[in-house]
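Architecture at a glance
Take a look at the letters that make up each chain.
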Amino acid sequence: MIDVTNLKRLFQNKSEDLITKLDEIGDLLEHGELDRDEVITFSEHVLDLAIAEENIAVKESLLRILLHAVIYQDVGKNVEWDKLANALPMLHDSILDYALTIIGSSKNKKYLNVIEPYLHSQTDYIKQTAAEALIEISHN
């Protein structure tokens, strides 16, 4: 089971092993057979935490959780990604590829204009990820 309450508890305590515990959640999303509605609700909460998080390593772990939810639990079309789309310009390149992939998984054409500028990034893997996200959206 995936539970928002446990996630909230992790962030209230913010122990040294927070990233390890977040990685375990990612593993659960990857390998578990979970209730779809619970995963959607959980993903929405993780998105809020990821946007607000200032620690880059924790933010990366949260985005990785979202990526696992999208890839392994197929919730890309079921979560509203506007907050993430709005945050793209403020994301460090090391995690921008996660965000672009997640937004591409929405298959929502409203994000085409948000992703297109990243085709001109000076970072090759960002350009590549943006191109793949646009393809993902275009093949809806």
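Every value quoted in this text rests on a predicted model; they were computed, and no experiment measured them.

1. Remarks on unusual backbone geometry
Trans is the common state for peptide bonds, and a negative phi is the common state for residues other than glycine. A positive phi angle is found at Asp-74, which is not glycine, with a value near 55 degrees. Looking at where Asp-74 falls in the secondary structure, it is placed in the loop between helix H4 (56-73) and helix H5 (82-87). On the basis of relative accessibility, which here comes to 54%, the residue Asp-74 falls in the exposed class. One non-glycine residue, Lys-107, adopts positive backbone phi at about 60 degrees. By secondary structure assignment, the location of Lys-107 is in the loop between helix H6 (93-105) and helix H7 (112-115). By relative accessible area, Lys-107 is classed as buried at 18%.

2. Focus: H4
Relative to the 26 Å expected for 18 residues at 1.5 Å per residue, H4 spans 25 Å between its end C-alpha atoms, a close match to the ideal helical length. Buried residues along H4 sit against helix H1 (4-13), helix H2 (18-31), helix H3 (36-52), H5 and H6. After H4 finishes, the residue Asp-74 shows a positive phi value of roughly 55 degrees.

3. Observations regarding the nonpolar core
Across soluble globular proteins, you tend to see nonpolar side chains buried next to one another. Ranked by size, the top nonpolar core spans 47 residues in total, and within it Leu-7, Phe-11, Leu-22, Ile-25, Trp-81, Leu-84 and Ile-115 carry the most contacts. Top element by residues in this core is H4. It accounts for eight residues. Filtering out sequence-adjacent residues up to four positions away, Ile-25 remains in contact with Ile-2, Leu-7, Leu-10, Phe-42 and Ile-65.

4. Description of the packing of H4 against H6
Running from amino to carboxyl end, H4 crosses H6 at an angle of 25 degrees, the nearest separation of the two axes being 9 Å. Comparing their axes, H6 and H4 come out roughly parallel. Crossing hand, H4 versus H6: left-handed. Facing Ile-56, Lys-59, Glu-60, Leu-63, Arg-64, Leu-66, Leu-67 and Val-70 of H4, the residues of H6 in contact are Ser-94, Ile-95, Tyr-98, Thr-101, Ile-102 and Ser-105. Residue composition of the contact of H4 with H6, by class: eight nonpolar, three polar and three charged.

5. As for the pattern of salt bridges
The final tally for this structure, using the stated rule, is eight salt bridges. Here Asp-48 and Lys-83 are joined by a salt bridge, their closest N and O atoms 2.5 Å apart. You can see Asp-48 sitting in helix H3 and its partner Lys-83 sitting in helix H5, a full 35 residues away along the chain. On the accessibility criterion, Lys-83 (45% relative accessible area) is partly exposed. The partner of Lys-127 in a salt bridge is Asp-124, and the shortest N-O contact between them spans 3.6 Å. One end of the pair, Lys-127, and the other, Asp-124, are both in helix H8 (residues 124-138), three residues apart, so they sit about a helical turn from each other. In this structure Lys-127 comes out as partly exposed when scored by relative accessible area, which is 32%.

Thresholds applied
Residues numbered from 1 in each chain as written. Predicted model: local features only at pLDDT ≥ 70, side-chain atom pairs only at ≥ 80, totals over all residues. Heavy atoms only, no water. Helix = DSSP H or I, 4+ residues; strand = E, 2+ residues; numbered from the N terminus. Buried < 20%, exposed > 50% of the residue type's maximum accessible area, 1.4 Å probe, protein only. Expected span 1.5 Å × (residues − 1). Contact = heavy atoms within 4.5 Å. Core = buried A, V, L, I, M, F, W, Y, C linked by side-chain atoms within 4.5 Å. Axes fitted to C-alpha atoms, helices over the stretch in contact; angles between N-to-C directions. Parallel < 35°, antiparallel > 145°, perpendicular 65-115°, else oblique. Left-handed = near helix turned anticlockwise from the far one by under 90°. Nonpolar A, V, L, I, M, F, W, Y, C, P; charged D, E, K, R; others polar. Salt bridge = Lys/Arg side-chain N within 4 Å of Asp/Glu carboxyl O.

That's the geometry; what it means functionally is another story.
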